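Overview (structure and organization)
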Amino acid sequence: MPPKSDSVEGIVLGFVNEQNRPLNSQNVADALQKFNLKKTAVQKALDALADSGQISFKEYGKQKVYIARQDQFDIPNGEELEEMKKANAKLQEELADQKKAISEVESEVRGLQSNLTLAEIKLKETKLQSEVQEMEEKLDKLRSGVILVKPEDKKIIEDSFAEKVNQWKRRKRMFKELWDTITENSPKDQKEFKEELGLEYDEDVGVNLQSYTEMLASLNKRRKISR
């Protein structure tokens, strides 16, 4: 007589039949932790089910391996297996078509989301017109010969810029030397370690030292020519 479905033996029997693959007592106990079953109770249930012939088992040394009785399952014949293979192949094709259709729809949705609304277009147009007007006013001043920045003020700004870029380069070099020393023998992934420490590289905030270095080089070149 089969055990009640809510008893320990019933739960174990249902799991073994559902898995229909070789299992040891540890496999079963791990899988049935959600039922608060101890390994000793699971082992006892497995042995009882095996003794009563409700499941099969084989011994490999000191370990027992349990499996569902195969005579309780309907095993398809060769013709049925072939039909199942054909049905599976057809389902795989349908699945691939569905995935392709979903991908196309998602791509179209992303494209629509990236388009600006009419209100956004008008707002952007107003902003661009304002920027154009400001640039035209500056250009008119330059054409009329107005000096917008005094030479002495320009020199102060350029010197300050050069100092800041050089400080940036020094600090970046110092950080790299220190970081390489710290992480040289560290087992941690550098990216994860950086995030754990809350560090941000220049690239993380959208800046690039190289572009400022090139600007400084161009500035120094113009200074030499003007001397």
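For the structure, check the block above.
Heads up: these notes are all about the structure in this document. (Residues numbered from 1 in each chain as written. Predicted model: local features only at pLDDT ≥ 70, side-chain atom pairs only at ≥ 80, totals over all residues. Heavy atoms only, no water.)

**Brief notes about the environment of Leu 199**
- By the element assignment, Leu 199 lies in the loop between helix 7 (190-197) and helix 8 (209-226).
- A residue is classified by how much of its surface remains accessible, and Leu 199, at 28% relative accessible area, is partly exposed.
- Counting along the chain gives 80 residues from Leu 199 to Ala 119, while the straight-line C-alpha distance between them is 39 Å.
- Non-local contacts of Leu 199, meaning those with residues more than four positions away in its chain, are made with Phe 175, Trp 179, Lys 194 and Asp 204. (Helix = DSSP H or I, 4+ residues; strand = E, 2+ residues; numbered from the N terminus. Buried < 20%, exposed > 50% of the residue type's maximum accessible area, 1.4 Å probe, protein only. Contact = heavy atoms within 4.5 Å.)

**Let's talk about the packing of aromatic side chains**
- Evaluation of the coordinates by the stated rule reveals five aromatic pairs.
- Summarising the aromatic geometry, the rings of Phe 175 and Trp 179 are spaced 5.8 Å apart at their centres and angled 20 degrees between planes, so their arrangement reads as stacked. Here the residue Phe 175 and the residue Trp 179 both occupy positions in helix 6 (residues 151-183), the gap between them amounting to four residues, near one helical turn.
- The exposure class assigned to Phe 175 is partly exposed, which follows from its relative accessible area of 33%.
- The ring of Tyr 201 has Lys 194 sitting right over it, with the charged end atom 4.7 Å from the ring centre. (Phe/Tyr/Trp six-rings, centres within 6.5 Å; stacked < 30°, edge-to-face > 60°. Lys NZ or Arg CZ within 6 Å of the ring centre and 35° of its normal.)

**Considerations on the pairing of strand 2 (residues 63-68)**
- Of the pairings in the sheet, the one linking strand 1 (residues 55-60) to strand 2 comprises six bridges and is antiparallel in character. The partner of Ser 56 across the bridge, within strand 2, is Ile 67.
- Taking the residues that link successive antiparallel strands as the turn, the strand 1-strand 2 hairpin has two residues, and the phi of Gly 61 there is positive, at about 70 degrees. (Pairing = 2+ DSSP bridges.)

**Section: the packing of helix 1 (residues 8-19) against helix 3 (residues 39-51)**
- Closest axis-to-axis distance for the helix 1/helix 3 pair is 9 Å, and the angle between their directions is 75 degrees. Taken together, helix 1 and helix 3 sit at an angle that is classed as roughly perpendicular. On helix 3, the residues touching Val 8, Glu 9, Val 12, Leu 13 and Val 16 of helix 1 are Ala 41, Ala 45, Leu 46, Ala 48 and Leu 49.
- A class-by-class count of the residues in the contact of helix 1 with helix 3 yields nine nonpolar, no polar and one charged. (Axes fitted to C-alpha atoms, helices over the stretch in contact; angles between N-to-C directions. Parallel < 35°, antiparallel > 145°, perpendicular 65-115°, else oblique. Nonpolar A, V, L, I, M, F, W, Y, C, P; charged D, E, K, R; others polar.)

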